[in-house]
Amino acid sequence: MKTDSLFNVKPVLSFEVFPPKSTTPVESIYKTIDELKHLTPDFISVTYGAGGSNNNATIDICDAIKNKCGIEAAAHLPCLYLTKERALGELERLMAAGIQNVLALRGDRNPEAEPCGDFHHASDLVSFIRENSDLNVIGACYPETHPESESMVSEIRHLRQKVDAGCSQLITQLFFDNEDFYRFYENTRIAGIDVPIEAGIMPVTNKKQIQRMVAITNAKLPKKFVRIMDKYENDPVALRDAGIAYAVSQIVDLIANDVDGIHLYTMNNPFIATKICEAVQTLFK
Ligand code: FAD
């Protein structure tokens, strides 16, 4: 199924997982997915290493999500370090496995590697996928602007180009202040972007993790969030529970404001995903 059709009945709930690091047994991800499937997400997306050196794990994991667990899957595909030939190979593998959804990304720049030069922006990959397949194309977007963006105006202009190239739904970068999302969403509508936008929610469960994420994404930390982290930084269980409660409060507010969907960055942690889903499950009916 193409996941853009799910938005007829809002709100959609999706999860994101990542392939295990090379030091972790590959089986661990299948155990994670097995636990996540009981939470009945509408679809699960699987990240893809930016350098293109992915050992084929993303598509294999999508295959298991779709064909063993019976849940729709979406494969991430960053393009900066992919040739067109390699991209085509990945699309063919996806289609052979019956996967109909791809999150088309540019990927982050690696200062030590030269991009292949076939794709410069995610919109180039979106057009390429539309020309060469019948896959449903998802795009990424940034309520607080992408770290490389000059302004919200240029951010939205480029997003409009990406949607016009053929994205039928969008997923946001994580954010901790819902007001940023509402402002961004309104700007997209003013700019004529009318595809559904899922809000990306990352439950924060340890201080190091959030410092790393903030450094990568430029996400702002609201004062009430910083107070929680400062108070519980030396009490991992209390910090985990406070992080879950914070994510739940974000989701409740977003659904009350008719969000198109919630994309939960599960960090491959079924315990935390379960706690959150238990708290909000009736809101998705
Ligand atoms: P783009 O849409 O190309 O935008 C990147 C920047 O370029 C923006 O500042 C944009 O305004 C600008 N831009 C776009 N088009 C133009 C143009 N025509 N001219 C000038 N400037 C332009 N990374 C991974 O490596 N693997 C993953 O699995 C992965 N999953 C992600 C999932 C989500 C939901 C999100 C939000 C991000 C994910 N990322 C992933 C990170 C992503 O690859 C980075 O944020 C990357 O830096 C930008 O990718 P993009 O697809 O948004 O790029």
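The rules behind each value
Residues numbered from 1 in each chain as written. Predicted model: local features only at pLDDT ≥ 70, side-chain atom pairs only at ≥ 80, totals over all residues. Heavy atoms only, no water. Helix = DSSP H or I, 4+ residues; strand = E, 2+ residues; numbered from the N terminus. Disulfide = S-S within 2.5 Å. Buried < 20%, exposed > 50% of the residue type's maximum accessible area, 1.4 Å probe, protein only. Near = heavy atom within 4 Å. Polar contact = N/O pair within 3.5 Å; in protein donor to acceptor, adjacent residues only side chain to side chain. Nonpolar A, V, L, I, M, F, W, Y, C, P; charged D, E, K, R; others polar. Phe/Tyr/Trp six-rings, centres within 6.5 Å; stacked < 30°, edge-to-face > 60°. Lys NZ or Arg CZ within 6 Å of the ring centre and 35° of its normal.

Draft legend 1. Geometry of unusual backbone geometry. Positive phi, close to 70°, is recorded for Thr 145, a residue that is not glycine. In this model, Asn 268 sits at a positive phi of 55°, which is unusual for a non-glycine residue. Inspection of the secondary structure assignment puts Asn 268 in the loop between β8 (261-265) and α10 (270-280).

Draft legend 2. Inspection of the state of the cysteines at higher detail. The full count for this structure, using the stated rule, is zero disulfides. A disulfide-free cysteine, Cys 167 has its sulfur positioned 9.4 Å from the sulfur of Cys 141, the nearest such atom. With no disulfide of its own, Cys 277 has Cys 69 as its nearest cysteine by sulfur position, at a separation of 15 Å. The exposure class assigned to Cys 277 is buried, which follows from its relative accessible area of 7%.

Draft legend 3. Fine view of the site of the ligand. For the ligand, the set of nearby residues contains 23 residues, the closest of which are Tyr 48, Asp 108, Tyr 142, His 146 and Lys 162. In this structure, Ala 122 approaches the ligand through a main-chain N or O atom, which is 2.9 Å from an oxygen atom. Within the contact set of the ligand, an oxygen atom lies 2.7 Å away from a side-chain nitrogen or oxygen of Tyr 142. Listed by contribution, the elements that provide at least two residues to the shell around the ligand are β3 (72-78), β4 (101-105), α5 (152-165) and β6 (169-174). In terms of residues, the shell around the ligand owes the most to one element, α5, which gives four residues. When grouped by side-chain class, the residues that make up the shell around the ligand number 10 nonpolar, nine polar and four charged.

Draft legend 4. Focus on the packing of aromatic side chains. Within the structure shown, the criterion is met by six aromatic pairs. Look at Phe 119 and Phe 128: their rings are 5.3 Å apart centre to centre, the planes differ by 80°, and that puts the pair in the edge-to-face class. Of the two residues, Phe 119 and Phe 128, neither departs from the other in class, the shared state being buried. Note on Phe 181 and Tyr 185: the rings are 5.8 Å apart at their centroids and 35° apart in plane angle, and the pair reads as tilted. One end of the pair, Phe 181, and the other, Tyr 185, are both in helix α6 (residues 178-190), four residues apart, so they sit about a helical turn from each other. Through a chain of ring-to-ring contacts, the aromatic side chains of Phe 175, Phe 181, Tyr 182 and Tyr 185 assemble into a single cluster. Seen from the ring of Tyr 185, Arg 189 lies directly overhead, with NZ or CZ sitting 4.2 Å from the centre.

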